Amino acid sequence: MARPVQLAPGSLALVLCRLEAQEAAAGAEEPGGRAVFRAFRRANARCFWNSRLARAASRLAFQGWLRRGVLLVHAPPASLQVLRDAWCRRALRPPRGFRIRAVGDVFPVQMNPIAQSQFVPLAEVLCCAVSDMNAAQIVVTQESLLEHLMKHYPGHRVWHLIIQSFWMD
């Protein structure tokens, strides 16, 4: 069994809601998470009167975006603490067109990886290869199929023997 993997350690979640005027202007379309993140970082990096907040904002990294306006950010622990303190003092600035409803620590999510077998069904490999080649409008010949398999499934040195034994002339 593979060791568990920690996802999103040392992260903050910012629960955002769109301002009504912005929501009406944009319709039902939700902005992308990276764009919201850049706007959040820009809004706080411009706080030249609070150099700690500006520096902390510049050290932020985009961690993720959940539907309904939850922005996940990552930074060194000291920078995250500056953001927490700014939130407590009501000094944390929202991205343009949004209001920050809540800020909180994200506890690491644990993922237990699922092991894959070493076995790859031959029929699956051949069907996927032919499908990929058809989608790319590549004529499937014995040579082109062998080339595709060697490129996308490296390490299987017996492809040419398998293809020769199954190829129908």
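This write-up is about the structure you can find in this document. Within any chain, residue numbers begin from 1 and follow the written order of that chain's sequence. Where local features are concerned, this predicted model is filtered to residues with pLDDT of at least 70; where side-chain atom pairs are given and counted, the filter is 80 or more; whole-chain, interface and lining totals use all residues. With hydrogens and water set aside, each side-chain value is computed from the structure's full complement of heavy atoms.

**Some remarks on the overall build of the chain**
To keep things clear, this is the line we draw: A run of H or I in DSSP becomes a helix once it reaches four residues, and a run of E becomes a strand once it reaches two; helices and strands are each numbered from the N terminus. When a residue's accessible area, from a 1.4 Å probe over protein chains only, is under 20% of the maximum for its type it is buried; when over 50% it is exposed; and in between it is partly exposed. A contact between two residues is defined here by any heavy atoms of the two lying within 4.5 Å. Per-residue accessibility takes into account occlusion by the displayed protein chains alone, with areas from the Shrake-Rupley method and a 1.4 Å probe.
Of regular secondary structure, the chain possesses 7 helices and 6 strands. Secondary structure elements of the chain, listed N to C terminal, follow the sequence β-β-α-α-α-β-β-α-β-β-α-α-α. Within the chain, buried positions represent 30% of all 169 residues. Relative to all contacts within the chain whose residues are 6 or more apart in sequence, the contacts with residues 24 or more apart total 64%. For the chain, the accessible surface area stands at approximately 11900 Å², while carbon and sulfur atoms represent 56% of it.

**Comments concerning the packing of helix α5 (residues 122–135) against helix α6 (residues 142–152)**
To keep it simple, the criterion reads: Axis geometry follows a simple rule: fit a line to the C-alpha atoms, using only the stretch in contact for helices, then measure angles between N-to-C directions, giving values from 0 to 180 degrees. For classification purposes, angles smaller than 35 degrees are called roughly parallel, those larger than 145 roughly antiparallel, those between 65 and 115 roughly perpendicular, and all remaining angles oblique. For this classification, Asp, Glu, Lys and Arg are treated as charged, while Ala, Val, Leu, Ile, Met, Phe, Trp, Tyr, Cys and Pro are nonpolar and the rest, including Gly, are polar.
At a minimum axis distance of 10 Å, the contact between α5 and α6 shows a crossing angle of 105 degrees. The angle between α5 and α6 places the two elements in the roughly perpendicular class. Side by side, α5 and α6 meet where Val125, Leu126, Ala129, Val130, Asp132 and Met133 of the first sit next to Ser144, Leu145, His148 and Leu149 of the second. Taken together, the residues of the contact of α5 with α6 break down into 7 nonpolar, 2 polar and 1 charged.

**Concerning the pairing of strand β2 (residues 11–18)**
Quick reminder of the rule: Two strands form a pair only when DSSP identifies at least two bridges running between them.
Within β2, 6 of the 8 residues are buried, which leaves the element mostly enclosed by the surrounding structure. In this structure, β2 lies alongside strand β4 (residues 70–74), joined through 5 bridges in antiparallel fashion. Along β4, the bridge assignment pairs Leu12 with Val73. Sheet analysis places β2 next to strand β5 (residues 98–106), joined by 8 bridges and oriented antiparallel. What sits directly across from Leu12, in β5, is Asp105.

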